[in-house]
Amino acid sequence: MKKIATCLVLLILTSCSTKQKDKNEEKVVTSAKKEKSLDKTPDSLKTIFDVNYQEILEIKEFKNYEHNSSSVINYKDSQWEYAVIVLQKEESRLVVFEKIIETGLPRKKFQILDTLHLNNLSKYEFISVGLCDKNDIADSRIFARIKYKETDPDLEYYTEIEAAWKVNLQNKKIEKLSDLSGIKCVNEGYGI
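Residues numbered from 1 in each chain as written. Predicted model: local features only at pLDDT ≥ 70, side-chain atom pairs only at ≥ 80, totals over all residues. Heavy atoms only, no water.

1. Concerning the sheet that holds strand 13 (residues 183-186)
Here we have 4 strands laid out as an open sheet, ordered 8-7-13-10, and antiparallel in their pairing. Of all strands in the sheet, those with a lone pairing partner are strand 8 (137-138) and strand 10 (157-158), marking the two edges. Where strand 7 (residues 132-134) lies against strand 8, 2 bridges are found, and the strand directions are antiparallel. Considered in strand 8, the bridge of Lys-134 is made with Ile-137. (Pairing = 2+ DSSP bridges. Helix = DSSP H or I, 4+ residues; strand = E, 2+ residues; numbered from the N terminus.)

2. Some details on the nonpolar core
Counting 18 residues, the largest nonpolar core has Val-95, Phe-97, Ile-127, Phe-143, Val-167 and Ile-174 as the members making the most contacts within it. The residues touching Phe-143, leaving out its near neighbours within four places in the chain, are Val-84, Val-95, Leu-116, Ile-127, Ser-128, Val-129, Cys-132, Ala-163, Ala-164, Trp-165, Val-167 and Ile-174. Counting residues in hydrophobic clusters, the runner-up holds 15 residues, among them Ile-48, Tyr-65, Ile-85 and Leu-94. (Core = buried A, V, L, I, M, F, W, Y, C linked by side-chain atoms within 4.5 Å. Buried < 20%, exposed > 50% of the residue type's maximum accessible area, 1.4 Å probe, protein only. Contact = heavy atoms within 4.5 Å.)

3. Comments concerning the packing of aromatic side chains
What the rule picks out here adds up to 5 aromatic pairs. Consider the rings of Tyr-82 and Phe-97, whose centres lie 5.6 Å apart with planes at 40°: the pair is tilted. Residue Tyr-82 is found in strand 3 (residues 82-89), and its partner Phe-97 is found in strand 4 (residues 92-101); the two are separated by 15 residues along the sequence. Judged by relative accessible area, Phe-97 falls into the buried class, the value being 0%. If you follow Arg-141 out to its NZ or CZ, it ends over the ring of Tyr-75, 3.6 Å from the centre. Its end group placed over the ring of Tyr-157, Lys-184 keeps NZ or CZ at 4.1 Å from the ring centre. (Phe/Tyr/Trp six-rings, centres within 6.5 Å; stacked < 30°, edge-to-face > 60°. Lys NZ or Arg CZ within 6 Å of the ring centre and 35° of its normal.)

4. Considering the pattern of salt bridges
Under the criterion given, the structure shown has 8 salt bridges. In this structure, Glu-125 and Arg-145 form a salt bridge, with 3.3 Å as the shortest nitrogen-oxygen distance. Of this pair, Glu-125 sits in strand 6 (residues 125-129) while Arg-145 is found in strand 9 (residues 142-147), placing the two residues 20 residues apart along the sequence. Per residue, the accessibility class of Glu-125 equals that of Arg-145, and both read buried. It is possible to trace a salt-bridge network through shared partners that takes in Glu-125, Arg-145 and Glu-162. (Salt bridge = Lys/Arg side-chain N within 4 Å of Asp/Glu carboxyl O.)

5. Quick word on the environment of Val-95
Checked against the element boundaries, Val-95 lands in strand 4. In this structure the C-alpha to C-alpha distance between Val-95 and Ile-127, which are 32 residues apart in sequence, comes to 8.7 Å.

6. Examining the sheet that holds strand 3
Ordered in space as 1-5-4-3-2, the 5 strands form an open sheet in which the pairing is antiparallel. Two strands close off the open sheet at either side, each with one partner strand: strand 1 (52-53) and strand 2 (66-73). Here strand 4 pairs with strand 5 (residues 109-118) via 9 bridges, running antiparallel. Note on strand 5: the bridge partner recorded for Phe-97 is Asp-114.

7. A few points about the confidence of the model for the protein chain
Across the protein chain, pLDDT averages 79, with 77% of residues at or above 70. The lowest-confidence element of the protein chain is helix 1 (residues 2-38), averaging 35 in pLDDT; the highest-confidence one is strand 12 (residues 173-177), averaging 98. Confidence over residues 1-40 falls short of pLDDT 50; this stretch has 3 contacts with residues more than four positions distant or in other chains. (pLDDT = per-residue confidence, 0-100.)

Structure follows, in C-alpha cells:
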C-alpha cells in the first residue's frame, strides 16, 4: 500500500511540474506574439504615415527621389519639433511635413504628418522652405513656389511668389495660402 501511495504522490508531483512548465512556455509564446505585433518595420505597416525613420529615402515610396532641401520649423513654442523636407524627381517636388521624434541619441527619428505633391515645375522654379516672411515677420512654417529669373542674384528677397503654403501645427496639415500679400523669401544666393 505504501508503494502505491508513494507512486501516486510521485505521479501527481510530476504531473503538476509538467503543467507548470507548459504554462510558462505558453506565456513566452504569447509574449513573443505580442512583441511581433508591436514591431513597426516599414513592411508591416499600412501607410507611410505609420513609419518612423532616420532618413526619408529609406521609405520605399521615396526611393526614386533626391533630397532637395529641408528646414526645421522654429515657431513660438514648437522649436525643434517639426521639419519640412523637399524631395525632387524630375519636374516633380514632394513636400513632406514631419514630426521630429526624440530618441535620446544624437540621431533623431521622424514621422510623416502630411505631404504635398507639386508637379510640372520648370527648371526655373523651386520651393523655398524655412526662409519666408509674412509682413516682415519670419515664419518658418511658410514655404513658397518661386520662379527664378536672370536678375534674381541681385535680389535680397523673392517677392513674386507663385504659390505659398503653411504647415498648421494644430491639425498637423499643410494648408494652401490664398493671400500671398506680404510674403517674401530670402534669396540664399544674394551677395555671392
